[in-house]
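As a plain string of letters, each chain reads:
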Number of protein chains: 2
Amino acid sequence: VTIAVIGCGLIGASIAGGLTRAGHTVWGLDRRDLSELVERRWLARQVKSEELPAARLVVLALPPDAICGALSRLPFAPGQVVTDTASVKVPIERAAMALPPEVAFVGGHPMAGDSRGGVEAARPDLFQGAVWVLSQRAAAGPRRQVEELVGELGAHPLTVDPERHDRLVAWTSHLPQLLATCLAAELEAQGDPLAEQLLGPGGRAFLRLARSPFPLWQEILSSNQEAVEAALAAVTARAGQPPQALAEDFAAAQRFAARLLESAVNWAPARKDST
Amino acid sequence: VTIAVIGCGLIGASIAGGLTRAGHTVWGLDRRDLSELVERRWLARQVKSEELPAARLVVLALPPDAICGALSRLPFAPGQVVTDTASVKVPIERAAMALPPEVAFVGGHPMAGDSRGGVEAARPDLFQGAVWVLSQRAAAGPRRQVEELVGELGAHPLTVDPERHDRLVAWTSHLPQLLATCLAAELEAQGDPLAEQLLGPGGRAFLRLARSPFPLWQEILSSNQEAVEAALAAVTARAGQPPQALAEDFAAAQRFAARLLESAVNWAPARKDST
């Protein structure tokens, strides 16, 4: 199958490399020159948007706003299946309503990445063992086609309602990112050179998130702003309690973390950022 | 050298195992039966407090409140060097002032651990590559003795003023713990079974902290409450900004994270919790 990947950064290049390894013909579309990815044989070739209609499946691996723009501008062909990788799903689903009815849209979100970002951090096995959300709103046939590709990348497809997805990732992804960035920014502002050295393994893993880039995250946080604000308020309220009042919170948190540990055991371990 | 380790949980048992491997005679003192650690040859034997005066060096690997109690109650001998491993240093230094002047105290804090806690998670190489804070208030001779042991455990001794230490770990350790616990508690309260599956690698690493036990952390958070509250307020204020206003915070956070990455490259990588 010929697959066109639009946007060949961390996620797009990793998808391209993985699907090429799985035996597909993968085209890349990007403003940047992609000859290095072609030389690496992660891409069959770089194409222009005029050629898109010849692909069977199109993957939009761009920041959310650019995906919305691409959905309204690119020359999709009847019978094509279009999927995306954005961290927010409701705004993308809304933009996808502008597609002609013969073009099938399957919203997607791979729960994998690397806070370093960029094509330099890309690798064909980035999604190995990761959950890959696919939208419940998609028609069953096209969704099965995308599920197959997701499986070939070593990921676990999981069908989720877009609203439920966006509400949950506010807690599981967007708020942790926001807190890590703000904590690291505060430490940077204080300028005590000892701070880095007084990080244990947990704080170090948390603050590694602070490498993430602003342009992408501004879009993500803006498109899910209400949910992120609610999550921040709820966590702050709990954290503001006096320490001796936290017994139930610690107990509940331990129950959650124990299940988290279990799910990591049942599945292939999620890839860790390399330091 | 004969070393007595008081409290043989995660930290104490790991110290015992590591120092035994380095050729020392290590005694264990605990309310629990330690025969398993003796069988494993991490300890030479379990002793009672009456025997403590015969040890050259005493390591208090207990929760903060218990360390303060032990400092005022145990039969230390003139010429002994006493060190501890608590995550807060100012209250411990205050308690250590009650020691007889011929007993040398060297406050310590290994920046390593495992959120699972408990002797089951202990391992002799737990401290490999980790920073191990030693108090600037200690006399040079005794501090050098502790530094030597720290080096034998594979850790990097770092002399820090206790007040500066406590102020910094409020940001680098105590606030991340508090936020991870409160976020996990909130997710547990919401009860959506999809939450665990919608965690990417960053959020997963962060929420692994939520396994930490309440009794220990109540003491840590209580003894550093003012600094933790200030850190929470500062981070919350930054995080409450609208997304488009966060450009400078992301830029500062990236500078901090880049240095963090560098320090991880220069030193042996900090041990990760195993999942």
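Everything that follows concerns the structure shown earlier in this document.
Residues numbered from 1 in each chain as written. Chains lettered and ligands numbered in written order. Predicted model: local features only at pLDDT ≥ 70, side-chain atom pairs only at ≥ 80, totals over all residues. Heavy atoms only, no water.

With reference to specific residues and values, describe the overall build of chain A.
When its secondary structure is counted, chain A shows 10 helices and 9 strands. Expected size for 275 residues packed as a compact globule is a radius of gyration near 19 Å; at 20 Å, chain A falls within 12% of this value. When burial is assessed residue by residue, chain A has 60% of its 275 residues classed as buried. The contacts in chain A between residues at least 6 apart in sequence include a share of 65% that link residues at least 24 apart. By element, 51% of the accessible surface of chain A is carried by carbon and sulfur atoms, the whole surface being about 10700 Å². Averaging the positions of the 26 positive and the 30 negative side-chain charges in chain A gives two centres separated by 5 Å. (Helix = DSSP H or I, 4+ residues; strand = E, 2+ residues; numbered from the N terminus. Rg over C-alpha atoms; globule rule 2.2 N^0.38 Å. Buried < 20%, exposed > 50% of the residue type's maximum accessible area, 1.4 Å probe, protein only. Contact = heavy atoms within 4.5 Å. Areas by Shrake-Rupley, 256 points an atom, 1.4 Å probe, with all protein chains shown as cover. Lys, Arg positive; Asp, Glu negative; His and termini not counted. Charge placed at Lys NZ, Arg CZ, Asp CG, Glu CD.)

Please provide a residue-by-residue account of the sheet that holds strand S1 (residues 2-6) of chain B, values included.
All names here are of chain B. Strands sit in the order S3-S2-S1-S4-S5-S6 across an open sheet of 6 strands; the sheet is parallel. Every other strand in the sheet has two partners, leaving strand S3 (45-46) and strand S6 (104-106) as the edge strands with one partner each. Bridge count between S1 and strand S2 (residues 25-29): 5 bridges; the pairing is parallel. Each residue of the ladder has a partner; that of Val 5, found in S2, is Gly 28. (Pairing = 2+ DSSP bridges.)

Quick one: what's the story with the relation of the copies chain B and chain A, residue by residue and with numbers?
Between chain B and chain A, which share one sequence, the superposing operator has a rotation angle of 180 degrees and an axial displacement of 0.0 Å; the RMSD is 0.0 Å. The transformation relating the two chain copies, once decomposed into turn and shift, fits a two-fold axis. Identified as the residue of chain B closest to the rotation axis by C-alpha distance is B:Phe206, at 2.5 Å. Of the residues that chain B buries at the interface, 100% are likewise interface residues in chain A, meaning the two copies contact each other through the same surface. (Least-squares fit on C-alpha atoms with pLDDT ≥ 70 in both.)

A description of the sheet that holds strand S5 (residues 81-84) of chain A should follow, citing residues and the corresponding values.
All names here are of chain A. Overall, parallel pairing links the 6 strands, which are arranged S3-S2-S1-S4-S5-S6 in an open sheet. Unpaired on one side and paired on the other, strand S3 (45-46) and strand S6 (104-106) mark the two borders of the sheet. Where strand S4 (residues 57-60) and S5 come together, 4 bridges link them in parallel fashion. Counterpart to Leu 60 in the pairing with S5 is Asp 84. Docked against the sheet, helix H1 (residues 10-21) engages strand S1 (2-6), strand S2 (25-29) and S4, running at close to 165 degrees with respect to S1. (Axes fitted to C-alpha atoms, helices over the stretch in contact; angles between N-to-C directions.)

Explain the interface of chain B and chain A residue by residue, including any values.
At the interface, 87 residues of chain B touch 87 residues of chain A. Together chain B and chain A conceal approximately 8400 Å² of surface at their shared face, both sides included; 72% is due to carbon and sulfur atoms. Connecting chain B to chain A are 10 salt bridges. The partner of A:Arg259 in a salt bridge is B:Glu196, and the shortest N-O contact between them spans 3.4 Å. (Buried area = accessible area lost by both parts, 1.4 Å probe. Salt bridge = Lys/Arg side-chain N within 4 Å of Asp/Glu carboxyl O.)

For the side chain of A:His165, give the residues involved together with the corresponding values.
Mapped onto the elements of the fold, A:His165 is located in helix H6 (residues 162-190). What A:His165 contacts, discounting residues up to four positions off in sequence, is A:Ser87, A:Val88, A:Lys89, A:His109, A:Val133, A:Val160 and B:Leu198.

Outline the pairing of S1(A), supporting the account with residue identities and numerical values.
Residues and elements named next belong to chain A. Of all 5 residues in S1, 4 are buried; the element is thus mostly enclosed. In this region the chain leaves S1, passes through H1 and returns to the parallel neighbour S2; the handedness of that crossover is right-handed. Direction of pairing for S1 relative to S4: parallel, over a ladder of 4 bridges. Bridging from a neighbouring strand, Ala 4 pairs with Val 58 of S4. (Right-handed = clockwise from strand over helix to strand, strands pointing away.)

Go over helix H1 (residues 10-21) of chain B, please, and point to the residues and values.
Residues and elements named next belong to chain B. Its 12 residues place the ends of H1 17 Å apart at the C-alpha level, agreeing with the 16 Å of an ideal helix rising 1.5 Å per residue. Taking burial as the measure, the 12 residues of H1 include 10 buried ones, the bulk of the element. Of the residues making up H1, those classed as buried are Leu 10, Ile 11, Gly 12, Ala 13, Ser 14, Ile 15, Ala 16, Gly 17, Gly 18 and Leu 19. (Expected span 1.5 Å × (residues − 1).)

Lay out the state of the cysteines with the relevant residues and their values.
The term disulfide refers to a covalent linkage connecting the sulfur atoms of a pair of cysteines. For the structure shown, the criterion picks out 0 disulfides over all chains. Free cysteine A:Cys8: the closest other cysteine sulfur is in A:Cys68, separated by 19 Å. Judged by its relative accessible area of 0%, A:Cys8 falls in the buried class. With no disulfide of its own, A:Cys182 lies closest to B:Cys182 among cysteine sulfurs, the gap being 17 Å. Note on A:Cys182: relative accessible area 0%, which makes it buried. (Disulfide = S-S within 2.5 Å.)

Please give an account of the environment of A:His156 that cites residues and values.
All names here are of chain A. With respect to the helices and strands, the residue His 156 is situated in strand S9 (residues 156-160). Residue classification places His 156 among the partly exposed positions, given a relative accessible area of 25%. The sequence separation of His 156 and Phe 127 amounts to 29 residues, and the corresponding C-alpha distance is 8.8 Å.

Give me the pattern of salt bridges: which residues, what numbers.
Within the structure shown, the criterion is met by 26 salt bridges over all chains. B:Arg123 is paired through a salt bridge with B:Asp114; the nearest N and O atoms lie 3.7 Å apart. You'll find B:Arg123 and B:Asp114 in the same group, each marked buried. Connected through shared salt-bridge partners, A:Glu188, A:Glu196, B:Arg255 and B:Arg259 make up one network.

Account for the environment of B:Ser263, with residues named and values stated.
Residues and elements named next belong to chain B. Along the chain, Ser 263 falls in helix H10 (residues 247-266). By relative accessible area, which is 18% here, Ser 263 ends up buried. With 213 residues separating them in the primary sequence, Ser 263 and Glu 50 have C-alpha atoms 44 Å apart.

Tell me about the packing of aromatic side chains, residues and numbers included.
Per the counting criterion, the structure on display carries 5 aromatic pairs over all chains. Summarising the aromatic geometry, the rings of A:Phe250 and B:Phe214 are spaced 5.5 Å apart at their centres and angled 50 degrees between planes, so their arrangement reads as tilted. One end of the pair, A:Phe250, is in helix H10 (residues 247-266); the other, B:Phe214, is in helix H8 (residues 214-223), on a second chain. We classify B:Phe214 as buried; its relative accessible area is 15%. Cation over ring: A:Arg45 sits above A:Trp27, and NZ or CZ is 4.9 Å from the ring centre. For B:Arg40, the ring lying beneath its charged end belongs to B:Trp42, and the centroid distance is 4.5 Å. (Phe/Tyr/Trp six-rings, centres within 6.5 Å; stacked < 30°, edge-to-face > 60°. Lys NZ or Arg CZ within 6 Å of the ring centre and 35° of its normal.)

Residues and numbers for the nonpolar core, please.
Counting 88 residues, the largest nonpolar core has A:Leu207 and B:Leu207 as its most contacted members. Residues within four places of A:Leu207 in sequence aside, it is in contact with A:Ala180, A:Leu183, A:Ala184, A:Leu187, A:Leu199, B:Phe256, B:Ala257 and B:Leu260. (Core = buried A, V, L, I, M, F, W, Y, C linked by side-chain atoms within 4.5 Å.)

Break down the packing of helix H9 (residues 225-239) of chain A against helix H6 (residues 162-190) of chain B for me, citing the residues and quoting the values.
Their axes nearest at 9 Å, the elements H9(A) and H6(B) cross at an angle of 115 degrees. Considering how the two elements wind past one another, H9(A) and H6(B) form a crossing that is right-handed. From H9(A), A:Ala234, A:Val235, A:Arg238 and A:Ala239 reach across to H6(B), where they touch B:Leu178, B:Leu179, B:Cys182, B:Leu183, B:Ala185, B:Glu186 and B:Ala189. Partitioned by chemical class, the residues of the contact of H9(A) with H6(B) number 9 nonpolar, no polar and 2 charged. (Left-handed = near helix turned anticlockwise from the far one by under 90°. Nonpolar A, V, L, I, M, F, W, Y, C, P; charged D, E, K, R; others polar.)

These figures come from the coordinates and say nothing about function on their own.
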